[in-house]
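Topology and contacts: notes
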Amino acid sequence: MLFPQTYISELKDKIEIANNIVLISHFNPDGDTIGAVSSLYHYLKLKNKSSKVIIPNEFPNFLDFVMTDVSYIIASKNNNEARNLIDQADLIICLDFNAFHRAGDFIKDILLSSSKPKVLIDHHLEPEIKNFDLVFSKINVSSTSELLYEVLSLIEEKPFLTKDIAQGIYVGICTDTGSFSFSCNHRRTYEVVAELVDNGVDVEYVHQEVYNTYSENRLRLLGFCLSERLTVFHKQKAAMIYLSKEDLKRFNYQIGDCEGIVNFCLSIKGIEFGVLVTERFDRIRISLRSKLDFDVNQFARKYWNGGGHQKAAGGHSFESLEWVLEKLTEQIKNSCKE
Ligand SMILES: [Mn+2]
């Protein structure tokens, strides 16, 4: 069994006795965290359990379709409500992040001061185990959403997949594997997907919603990145794209518009390490991708106050864009293969 029977019974009991369950996604939400909270929300509803989803800050528009029937709030826009919900909750479930700070400073502080039971369901490296009462952490799964499927299968004896539950899980798997192009070499992922399709997931519909709903600006921003902002370090097998505040403004940047851009670095033959640097209003964000052995999780932890997975990670800096670009260039020249 994936997790000890005691964990499963404990989670079952915790859900059973809880009246107010709060589900929390990570900051700068992606398809996996949103898919997972949406799916678990629908599952709890099926069990006649009232729950509320707290999303630290806004999520990209292309995920709207997964959240339409979910009761949620965006914490950055409703500070007080988020605080009240967490204070009044009798069970807190964190999905797709394993350290409180990944939910943003505001939520982190509330969680740190809360004595309510906290459950973790996550697939990132090095979970902050001490902060949780019950931990479902597994690294070699495609996504938190796939892991959520496994956890639900263990606590449920009967079939439990409705279309809504299944769709959230599918969105998480599909986005966290880059549409089945990485972290997807496990047979189990496809068995789970088969179950999801059997239970109503329309794979073509999800693909249309997730990948073919760009605004004109978003597509032009992508074109601009590739033609004007890409530097290739052939010798070091690396590529870097950067976007300044002015660039983002020029293309009327909306949340989610930079999603996936970093992966284009790896689409160049021979390039094994990709970096996207974006200048946000309060910090510089750094997204890192690797094709082979280079460990971007270590790289992000060591140099850029971040982390993630071996092949996909992120970090940030409060220095200037120029400084970050210079530093990264230096690091690429030093740490990648000659
Ligand atoms: Mn994930």
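The structure displayed is predicted, hence computed values, not measured ones.

Rules and cut-offs
- Residues numbered from 1 in each chain as written.
- Predicted model: local features only at pLDDT ≥ 70, side-chain atom pairs only at ≥ 80, totals over all residues.
- Helix = DSSP H or I, 4+ residues; strand = E, 2+ residues; numbered from the N terminus.
- Buried ≥ 20, exposed ≤ 12 C-beta atoms within 10 Å, placed from the backbone.
- Contact = placed C-beta atoms within 7 Å.
- Expected span 1.5 Å × (residues − 1).
- Axes fitted to C-alpha atoms, helices over the stretch in contact; angles between N-to-C directions.
- Parallel < 35°, antiparallel > 145°, perpendicular 65-115°, else oblique.
- Left-handed = near helix turned anticlockwise from the far one by under 90°.
- Nonpolar A, V, L, I, M, F, W, Y, C, P; charged D, E, K, R; others polar.
- Pairing = 2+ DSSP bridges.
- Core = buried A, V, L, I, M, F, W, Y, C linked by C-beta atoms within 7 Å.
- Domains from an automatic or database assignment.
- Arc of directions from axis to C-beta.

So, the overall build of the chain
In terms of regular secondary structure, the chain is built from 13 helices and twelve strands. For the chain, the spread of C-alpha atoms along the principal axes amounts to about 55 × 40 × 40 Å. Looking at the chain as a whole, 41% of its 338 residues qualify as buried. The long-range fraction of contacts in the chain, counting pairs at least 24 apart against all pairs at least 6 apart in sequence, stands at 66%.

Remarks on helix H2 (residues 31-46)
Helix length check: H2, at 16 residues, gives a terminal C-alpha distance of 22 Å against a target of 22 Å (1.5 Å per residue), a fit within 8%. Most of H2 is tucked away: 14 of the 16 residues are buried. Asn-48 sits one or two positions beyond H2 and adopts a positive phi of about 60 degrees.

Brief notes about the packing of H2 against helix H7 (residues 163-176)
Relative orientation of the contacting elements H2 and H7 amounts to 165 degrees, with a least axis distance of 7 Å. With respect to their mutual orientation, H2 and H7 come out roughly antiparallel. The crossing of H2 and H7 is left-handed. When H2 is examined against H7, the residues Gly-31, Asp-32, Gly-35, Ala-36, Ser-38, Ser-39, His-42 and Tyr-43 are found in contact with a partner set consisting of Asp-164, Ile-165, Gly-168, Ile-169, Val-171, Gly-172, Thr-175 and Asp-176. For the contact of H2 with H7, the per-class residue count stands at five nonpolar, eight polar and three charged.

Here's the deal with the sheet that holds strand S12 (residues 312-317)
One open sheet holds the six strands; their spatial order is S7-S8-S9-S10-S12-S11, and the pairing between them is mixed. Across the chains shown, the open sheet's two edge strands, defined by having one partner strand only, are strand S7 (230-233) and strand S11 (307-308). Across six bridges, strand S8 (residues 238-243) lies against strand S9 (residues 273-279) in parallel orientation. What sits directly across from Ile-241, in S9, is Leu-276.

Some points on the nonpolar core
Within the largest apolar cluster, 61 residues are counted, with the highest numbers of intra-cluster contacts made by Leu-23, Leu-40, Ile-93, Leu-95 and Tyr-170. Residues Leu-243, Ile-286, Trp-304 and Leu-328 belong to the second largest nonpolar core, which totals 30 residues.

Details of the pairing of S9
The side chains of a regular strand alternate, residue by residue, between the two faces of the sheet. Along S9, six of the seven residues are buried, which leaves the element largely enclosed by surrounding structure. Hairpin connection of S9 to strand S10 (residues 284-290): four residues between the antiparallel strands.

What to know about the sheet that holds strand S2 (residues 51-55)
Taken in spatial order, the six strands make up an open sheet running S3-S2-S1-S4-S5-S6, and their pairing is parallel. With one partner strand each, in any of the chains shown, strand S3 (72-74) and strand S6 (134-137) form the two edges of the open sheet. Pairs of neighbouring strands in the sheet enclose a mean axial angle of 20 degrees, with direction left out of account.

A closer look at unusual backbone geometry
One non-glycine residue, Asp-96, lies in the positive phi region at around 75 degrees. As for its placement among the helices and strands, Asp-96 is situated in the loop between strand S4 (91-95) and helix H5 (105-113). Since 29 C-beta atoms lie within 10 Å of it, Asp-96 is described here as buried. One non-glycine residue with positive phi stands out, namely Lys-237, at about 60 degrees. Relative to the helices and strands, Lys-237 is located in the loop between S7 and S8.

What to know about the domain arrangement of the chain
By the assigned domains, the chain splits into domain 1 (5-211) and domain 2 (216-335). Each of domain 1 and domain 2 was reduced to a C-alpha centroid, and the two centroids are 27 Å apart. At the junction of the two partners, domain 1 supplies nine residues and domain 2 supplies ten residues. Looking at the side of domain 1 that touches domain 2, its residues break down into four nonpolar, four polar and one charged.

Describing the pairing of S2
The buried fraction of S2 is high, at five of five residues. Of the two faces of S2, the one holding Ser-51, Val-53 and Ile-55 and the one holding Lys-52 and Ile-54 are both buried throughout. In the sheet, strand S1 (residues 21-24) pairs with S2 via four bridges, with the strands oriented parallel. Along S2, the bridge assignment pairs Ile-21 with Ser-51.

Focus: helix H4 (residues 79-88)
In an α-helix there are 3.6 residues to a turn, and that puts residues three or four apart on one side. Buried residues of H4: Ala-82, Leu-85 and Ile-86, and no others. Buried positions in H4, seen along its axis, are confined to an arc of 95 degrees and lie on one side of it. What points out from H4, more than 90 degrees from its buried face, is the exposed set Asn-80, Asn-84 and Gln-88. Contacts from the buried residues of H4 go to S1, S2, S3, S4 and H5.

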